[in-house]
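Topology and contacts: notes
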Amino acid sequence: MVAVVLAGCASPNARVVQAPVPPPALPAASERKAVETAYAVRGYRDSGSPEIRHEAHIVFRRTLVPANADANDTAPRTVFAPASYTPLPASEELSAELAKQKAITAEMQDMHTAMAATQTKMQAQYAQLVKQTGEALRLRDRMEAERNQTRANAATASDGVAATTDPRATQAKW
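Residues numbered from 1 in each chain as written. Predicted model: local features only at pLDDT ≥ 70, side-chain atom pairs only at ≥ 80, totals over all residues. Heavy atoms only, no water.

1. Let's talk about the overall build of the protein
Let me state the cut-off plainly: Elements are defined by DSSP. Helices are runs of H or I of four residues or more, strands are runs of E of two residues or more, and each kind is numbered from the N terminus. Burial status follows relative accessibility: with a 1.4 Å probe on protein chains alone, a residue under 20% of its type maximum counts as buried, one over 50% as exposed, and anything between as partly exposed. Here, two residues are considered to be in contact whenever any of their heavy atoms come within 4.5 Å of each other. Using a 1.4 Å probe, the Shrake-Rupley method yields the accessible areas, and only the shown protein chains count as cover for residues.
Counting its secondary structure elements, the protein contains two helices and four strands. Reading the protein from its N end, one meets helices and strands in the order α-β-β-β-β-α. Taking all 174 residues of the protein together, the buried fraction comes to 1%. For the protein, the share of sequence-separated contacts (at least 6 apart) that also reach a separation of at least 24 residues comes to 50%. About 16,700 Å² of surface is accessible on the protein, with carbon and sulfur atoms providing 60% of the total.

Here you go:
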């Protein structure tokens, strides 16, 4: 008997019967409705034939959507603002960076104000220096004229009086 059992397990004609796999269950076909979306196409020239020009027109695209979809789910493209107008999401890092930039801007404005005040002060000092330089030049010219006058007077006085042999007596000391 043991031989029969072992012989039965080792027989090459043994068949394995498998149960058929049922096909996957498909979801019930839901009702659908057609939605048309309009797209504006600008005028253009045909790339294959430049003498053909297509005028601006509207192209409609039909899309099937579930019947229970709300009609307000879709909106025209012109309703939404472009990404450049939408604000960034708030974050601590962004807030910290904005605060830092505001502080730097305030410091720069303060520096600009201080520099403008310093420039005004320096211009006033420069104007005063130019005025003082002009006065100093006028005084120098006046003193030179008086010195020449004094020398001339001394020369005329020495013609009538004995000439002095000491050259240091007639030189002006500054």
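2. As for the pattern of salt bridges
Selection criterion: We define a salt bridge as a contact between a side-chain nitrogen of Lys or Arg and a carboxyl oxygen of Asp or Glu at a distance within 4 Å.
What the rule picks out here adds up to four salt bridges. Between Arg53 and Glu55 there is a salt bridge, with the nearest N and O atoms lying 3.9 Å from each other. The exposure class of Glu55 is exposed, given its relative accessible area of 53%.

3. Notes on the confidence of the model for the protein
Our working definition: For every residue, the pLDDT score states the predictor's confidence, bounded by 0 at the bottom and 100 at the top.
Overall, the predicted model of the protein reaches an average pLDDT of 79, with 64% of residues at or above 70. Per-residue pLDDT, averaged within each element of the protein, yields its smallest value for helix α1 (residues 2-9) (54) and its largest for helix α2 (residues 92-160) (93).

4. Digging into a nonpolar patch on the surface
To keep it simple, the criterion reads: Only residues whose relative accessible area exceeds 30% and that take part in no salt bridge are eligible for patches, with like-charged residues grouped when within 9 Å of each other and nonpolar side chains (Val, Leu, Ile, Met, Phe, Trp, Tyr) grouped when within 5 Å.
Side chains of Tyr126, Leu129 and Val130 sit close together on the surface and give an oily, nonpolar patch of about 330 Å² of accessible area. Its location among the elements puts Tyr126 in helix α2.

5. Concerning the side chain of Ser49
Where we set the bar: In protein, a polar contact means a hydrogen-donor-capable atom and an acceptor-capable atom, both N or O and within 3.5 Å, with residues adjacent in sequence counting only if both atoms are side-chain atoms; elsewhere, any N or O pair within 3.5 Å suffices.
Position of Ser49 relative to the elements: it lies in the loop between β2 (44-45) and β3 (53-54). We classify Ser49 as buried; its relative accessible area is 16%. In terms of polar contacts, Ser49 uses its side chain to reach the side chain of Glu51, at 2.6 Å.

6. Some remarks on the environment of Tyr39
Topologically, Tyr39 is positioned in strand β1 (residues 32-41). Judged by its relative accessible area of 29%, Tyr39 falls in the partly exposed class. Sequence spacing of Tyr39 and His57 is 18 residues, and the spatial spacing of their C-alpha atoms is 8.6 Å.

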